[in-house]
Amino acid sequence: MGLMTKAEYIESLRRMKPTVYMFGEKIENVVDNPRLRAGIEATGATYELAESPEHRDLIVTHSTLTDKPVNRFNKPPESVADLVARVKINRLLGRRVGTCFQRCTGLDCLVALSVTTYDIDRKYDTQYHRRFTDFLKHMQKNDFTANAGVTDVKGDRNLSPKDQADKDVYLHVVEKRDDGIVVRGAKCHQTGSLSAHEIIVLPTRALRKGEEEFAVAFAVPSDTAGIIHVVGRSSLDTREQDGCDCGNQRYSKYAPTVILDNVFVPWERVFLCGEWEFAADLVAYFSAFHRQSHGGCKAGKIDCMVGAALTMMEYNGTQKVSHHKEKVTDMIHRAETLYGCSLAASYEGRRMPSGTYFIDPVLANASKIHEGKEMAEATRLMIDIAGGFVADLPSDRDFDHPAVGPLLKKYLKGVEATPVENRVRMFRLIEKLAMESADTISDIHGGGSPAAHRLTIFRESNNEAKVTAAKRLAGIDE
Ligand SMILES: Cc1cc2nc3c(=O)[nH]c(=O)nc-3n(C[C@H](O)[C@H](O)[C@H](O)COP(=O)(O)OP(=O)(O)OC[C@H]3O[C@@H](n4cnc5c(N)ncnc54)[C@H](O)[C@@H]3O)c2cc1C
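Report on the accompanying structure. Note that the structure is a prediction, hence the values are computed from the model and not measured.

Conventions used here
Residues numbered from 1 in each chain as written. Predicted model: local features only at pLDDT ≥ 70, side-chain atom pairs only at ≥ 80, totals over all residues. Heavy atoms only, no water. Helix = DSSP H or I, 4+ residues; strand = E, 2+ residues; numbered from the N terminus. Buried < 20%, exposed > 50% of the residue type's maximum accessible area, 1.4 Å probe, protein only. Contact = heavy atoms within 4.5 Å. Areas by Shrake-Rupley, 256 points an atom, 1.4 Å probe, with all protein chains shown as cover. Lys, Arg positive; Asp, Glu negative; His and termini not counted. Charge placed at Lys NZ, Arg CZ, Asp CG, Glu CD. Phe/Tyr/Trp six-rings, centres within 6.5 Å; stacked < 30°, edge-to-face > 60°. Axes fitted to C-alpha atoms, helices over the stretch in contact; angles between N-to-C directions. Parallel < 35°, antiparallel > 145°, perpendicular 65-115°, else oblique. Left-handed = near helix turned anticlockwise from the far one by under 90°. Near = heavy atom within 4 Å. Polar contact = N/O pair within 3.5 Å; in protein donor to acceptor, adjacent residues only side chain to side chain. Nonpolar A, V, L, I, M, F, W, Y, C, P; charged D, E, K, R; others polar. Salt bridge = Lys/Arg side-chain N within 4 Å of Asp/Glu carboxyl O. Core = buried A, V, L, I, M, F, W, Y, C linked by side-chain atoms within 4.5 Å. Pairing = 2+ DSSP bridges. 1 Å grid on protein atoms, 1.4 Å probe; cavity = no way out; pocket = protein on both sides within 12 Å on 5 of 7 lines; lining within 4 Å. Points joined across faces, edges and corners; volume = space filled by probe spheres on them.

### Observations regarding the overall build of the protein
Okay, step 1: The helix and strand inventory of the protein stands at 18 helices and 14 strands.
Okay, step 2: Seen through its C-alpha atoms, the protein measures out along the principal axes to roughly 75 × 70 × 50 Å.
Okay, step 3: By residue count, 55% of the 478 residues in the protein fall in the buried class.
Okay, step 4: Across the protein, contacts joining residues at least 24 apart in sequence account for 78% of those joining residues at least 6 apart.
Okay, step 5: Accessible area of the protein: about 20,400 Å², with a carbon and sulfur share of 53%.
Okay, step 6: Charged side chains of the protein number 64 positive and 66 negative; the gap between the two group centres comes to 2 Å.

### Some points on the packing of aromatic side chains
Okay, step 1: By the definition in use, this model includes 9 aromatic pairs.
Okay, step 2: Ring plane angle 15° and centroid distance 4.3 Å describe the contact between Tyr9 and Tyr47, whose orientation is recorded as stacked. Here Tyr47 lies in helix 2 (residues 34-51) and Tyr9 lies in helix 1 (residues 6-14), a separation of 38 residues in the sequence.
Okay, step 3: Exposure remark for Tyr47: the relative accessible area of 0% places this residue in the buried category.

### Structural notes on the packing of helix 5 (residues 104-124) against helix 8 (residues 279-316)
Okay, step 1: Helix 8 packs onto helix 5 with a crossing angle of 140° between their chain directions and a minimal axis gap of 8 Å. As summarised for this structure, helix 5 and helix 8 are arranged oblique, according to the angle between their axes. Taken as a pair, helix 5 and helix 8 cross one another with a handedness that is right-handed. Every residue of helix 8 that contacts helix 5 at Cys104, Thr105, Leu107, Asp108, Cys109, Val111, Ala112, Leu113, Val115 and Thr116 is listed here: Asp281, Leu282, Tyr285, Phe286, Phe289, His290 and Ser293.

### Structural notes on the site of the ligand
Okay, step 1: The full set close to the ligand counts 19 residues, and Thr151, Lys154, Arg157, His189 and Thr191 are the nearest of them.
Okay, step 2: At 2.8 Å, a backbone N or O of Val150 approaches an oxygen atom of the ligand.
Okay, step 3: Protein coverage of the free-state accessible area of the ligand, which is 960 Å², stands at 65%.
Okay, step 4: Listing elements by their share of the shell around the ligand, those giving two or more residues are strand 5 (146-149) and helix 16 (442-445).
Okay, step 5: When its residues are assigned to classes, the shell around the ligand shows 6 nonpolar, 10 polar and 3 charged.

### Observations concerning the pattern of salt bridges
Okay, step 1: Within the structure shown, the criterion is met by 40 salt bridges.
Okay, step 2: Glu377 is the salt-bridge partner of Arg380, the closest N and O atoms lying 2.8 Å from each other. Here the residue Arg380 and the residue Glu377 both occupy positions in helix 10 (residues 361-386), the gap between them amounting to 3 residues, near one helical turn.
Okay, step 3: Residue classification places Glu377 among the partly exposed residues on the basis of a relative accessible area of 22%.

### Re the nonpolar core
Okay, step 1: Ranked by size, the top nonpolar core spans 74 residues in total, and within it Val183, Ile200, Leu202 and Phe218 carry the most contacts.
Okay, step 2: Sorting elements by how many residues they give to this core places helix 5 first, with 8 residues.
Okay, step 3: Aside from chain neighbours lying at most four places away, what touches Val183 is Leu171, His172, Val173, Val174, Val216, Phe218, Leu260, Asp261, Asn262, Val263 and Val265.
Okay, step 4: Of all hydrophobic cores here, the second largest spans 36 residues; its members include Ala308, Tyr315, Leu338 and Leu412.

### Brief notes about the pairing of strand 11 (residues 257-266)
Okay, step 1: Relative to strand 11, strand 7 (residues 180-187) is paired through 7 bridges, and the arrangement is antiparallel. Of the residues in strand 11, the one forming a bridge with Lys187 is Val258.
Okay, step 2: Sheet topology places strand 10 (residues 227-230) next to strand 11; 4 bridges connect them, and they run antiparallel. By the bridge assignment for strand 11, Ile227 is matched with Leu260.

### Some points on the sheet that holds strand 10
In a beta sheet, neighbouring strands are held together by backbone hydrogen bonds and run either parallel or antiparallel to one another.
Okay, step 1: The strand order 2-1-10-11-7-6 describes an open sheet built from 6 strands, whose pairing is mixed. Two strands close off the open sheet at either side, each with one partner strand: strand 2 (25-26) and strand 6 (172-176).
Okay, step 2: Pairing of strand 1 (residues 19-22) with strand 2, which is carried by 2 bridges, proceeds in the antiparallel orientation. Bridged to Tyr21 within strand 2 is Lys26.

### Description of empty space enclosed by the protein
Okay, step 1: Per the stated rule, a full pass over the model turns up 1 cavity of 30 Å³ or more.
Okay, step 2: The space that makes up the largest cavity amounts to roughly 80 Å³.
Okay, step 3: Looking at the largest cavity, the residues that line it are Arg72, Phe73, Lys75, Pro77, Asp82, Arg86, Ile89, Asn90 and Leu107.
Okay, step 4: Sort the elements by how many residues they give to the lining of the largest cavity and helix 4 (residues 80-97) lands first, with 4 residues.
Okay, step 5: Broken down by class, the residue content of the lining of the largest cavity amounts to 4 nonpolar, 1 polar and 4 charged.

### A look at the sheet that holds strand 9 (residues 216-221)
Okay, step 1: The sheet built from 4 strands is open, its strands ordered 5-8-9-12 with mixed pairing. Each edge of the open sheet is held by one strand with a lone partner, namely strand 5 and strand 12 (270-273). Averaged over all pairs of adjacent strands, the angle between their axes in this sheet comes to 20°, without regard to strand direction.
Okay, step 2: Bridging between strand 8 (residues 198-201) and strand 9 involves 4 bridges; their strand directions are antiparallel. Bridge pairing links Val201 to Phe218 in strand 9.
Okay, step 3: Strands strand 5, strand 8, strand 9 and strand 12 of the sheet are contacted by helix 5, whose axis makes an angle of about 70° with strand 5.
Okay, step 4: Strand contacts of helix 6 (residues 128-142): strand 5, strand 8, strand 9 and strand 12, with the helix running at about 145° to strand 12, the strand carrying the most contacts.

The following block contains the structure:
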């Protein structure tokens, strides 16, 4: 097959028949549904830019597995240069779509599996790495997109998986057969699960002896029998459904709850089954790599926010206002710090026993903590610059209304040189950049909650060297 064009990608999704519910209805045509299509278009950008002469060299690389060109979203890094390229691609795409492009989590899973399946085989002489490599070839040959099914619904957070009143709140194996396993559970917040051909499922947390049934990782097509996607609400989502007041005219994000109701997985697609001590590694590798990813895409989103703020300054006549220039500068430095931290995590990357290169987890987590706070600050600054109409701009339908439209256009005019329609469009985009819940809340919880980022930093940081440095200065020799 080889690399897909964006049009081929969309057609490949059209051939899939997933079970989908949204707004209380069963959705038969995913690709042409305006709400879902806006999300699919965002992932489509990863195919579109791979075709473009300007960006092809960054996004397309060589697969040592198939000896063919491959989109980097399907290639676990084999060098520091690969790690760095990922951050640059993410920034480019974040800036292009102004929201989440929904293809990074698949690569995060591929990386976690490429490292961990190798380690499990070394310990237990199992077949997981060979199965994973076959799956990776399948992804590369078809240029597929994968989604990450990591977050279980988790029930009572105070209880471990085996102590839950209903065990299904953590996905688990309910049957082992000669030809495969049957699993049951639900994975929530599944970014772009319908923009993906495959769902890669990993455990959501570290496990203990006695919790073998929850230690399971596998990949299945997103339209496998028993998989039900329930598309979650996001603020502004009915705007796309209505085709009115969308703000971002091209792209959006959605994140379904995905129920796996007795889903059969053939052994060839099972990458962990019972080796409970490796669940922690899978989660740790997935989440640290995902946190490196955010430093690129969210810096790209701030680029859009800076562009919107500067445009509003022009439309409002505040370009020369010094506190606005200062605020824009504060937005830019936040983007660059995020980006710099993720680049640093990549430059400090190292080779794992499987041959996959992995980022520095402390720097990647530092980037993610920074994002959780600073994206909110960048948003606040953008809204401050733009003005109050971010909150309550009349609808396009009112602007088009013969009675009230001309009055609105008269009163919403900014500087004389700018058509009022442009000012209205820019307010609408800023509203979307600031308030698209499916995207903005990933700044905080995406890739794990902030407490998890801090835990990783404390665990992975070389604190002993810091204590030694302090004691040496104090003249303490223990
Ligand atoms: C927009 C968005 C997109 C996402 N995309 C994906 C995706 O594509 N794939 C995927 O798998 N996941 C995805 N996630 C899920 C994300 O990783 C989780 O939201 C995150 O891990 C937090 O889990 P939770 O939502 O269940 O919250 P909880 O785990 O309930 O956390 C809520 C709060 O309680 C704290 N807490 C919970 N349990 C404990 C405990 N035992 N001890 C101490 N503190 C505790 C947490 O630290 C946090 O402060 C996405 C999330 C969002 C918001």
